[in-house]
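Residues per chain, in single letters:
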Amino acid sequence: MKEQTNVATVGETGGEQPGARELLLETASQIMREGDQVDISLSELSLRSGLNSALVKYYFGNKAGMLGELLDRDMVAIIKSVEALLAKDSMSPEAKLRMHIARCVDTYFAFPYLNRLLMRLVRDSDPSEAKRIADKYLAPLNKAYDRLISDGVKAGVFRPIDPQLFYFTVTGAADRFFSARLVLRHCFDQDTLTEELRDRYREHTVDFIMAGILAR
């Protein structure tokens, strides 16, 4: 008798499978983290998740749609954290910026593919989708940096700097380290991004960037 599996095809279930959407997204995230890449094959996704690859079309339309939803899932942490910081009137501009940079490092440690995925989708999407991504994630961050830096300048703790360039500084610092496992492997004989390494890099990055913006 053929062994029965607990995974049905799309046709057998009418398409809907509880938890399948979230499992597909998380499996895609794991594949990209482990492979240090921003692409996946549907066959590997199906094998790793135990789900029929046809569910990608059912839930997301196609693979590009799934990657777009993965970006939405993972970028929301950065946007929500910076919005929460802007609302904290009791915190100083310096404390807000230090906390934001630290959270960026933590987010890119968890999702090292994030900026590369963002750039790929902006590049490969049609103009309307590229604009949606930019409006939803890039524009809010730029506006947040403009306000954070302006508040710090008014308080006399920051020197005036370009918020657009500051975005590239923070994103580049957070992204490049955690997306460079090959450099760690071949130059430093280290193939694992450990929490200890994350903590060291977080402290280094916060201090390094803040030294460049503080008025003193």
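Calculation notes
Residues numbered from 1 in each chain as written. Predicted model: local features only at pLDDT ≥ 70, side-chain atom pairs only at ≥ 80, totals over all residues. Heavy atoms only, no water. Salt bridge = Lys/Arg side-chain N within 4 Å of Asp/Glu carboxyl O. Helix = DSSP H or I, 4+ residues; strand = E, 2+ residues; numbered from the N terminus. Buried < 20%, exposed > 50% of the residue type's maximum accessible area, 1.4 Å probe, protein only. Phe/Tyr/Trp six-rings, centres within 6.5 Å; stacked < 30°, edge-to-face > 60°. Lys NZ or Arg CZ within 6 Å of the ring centre and 35° of its normal.

Participant: Break down the pattern of salt bridges for me, with residues and values.
Facilitator: Per the stated rule, a full pass over the model turns up 21 salt bridges. Note that D72 is salt-bridged to R132, the shortest N-O span being 3.5 Å. With D72 in helix α5 (residues 63–86) and R132 in helix α8 (residues 127–154), the pair connects residues that are 60 residues apart, well separated along the chain. Taking relative accessible area as the criterion, R132 reaches 28% and is therefore assigned partly exposed. For D124, the salt bridge is made with R123, and the minimal N-O distance between the two is 2.8 Å. Since its relative accessible area comes to 47%, D124 is described here as partly exposed. One network of salt bridges, with partners in common, ties together D39, K63, R120, R123 and D124.

Participant: Describe the packing of aromatic side chains, and please don't skip the residues or the numbers.
Facilitator: Scanning the entire structure with this criterion turns up 5 aromatic pairs. Between Y59 and F60, the ring centres sit 6.2 Å apart and the planes meet at 50°, which makes this aromatic pair tilted. Consider the rings of Y145 and F166, whose centres lie 5.3 Å apart with planes at 85°: the pair is edge-to-face. Of this pair, Y145 sits in helix α8 while F166 sits in helix α9 (residues 163–178), and the two are 21 residues apart along the sequence. Across the pair, exposure class does not vary: Y145 and F166 are buried alike. Members of the aromatic cluster, joined through ring pairs, are Y58, Y59 and F60. Sitting over the ring of F109, R198 keeps its end group 5.0 Å from the ring centre.

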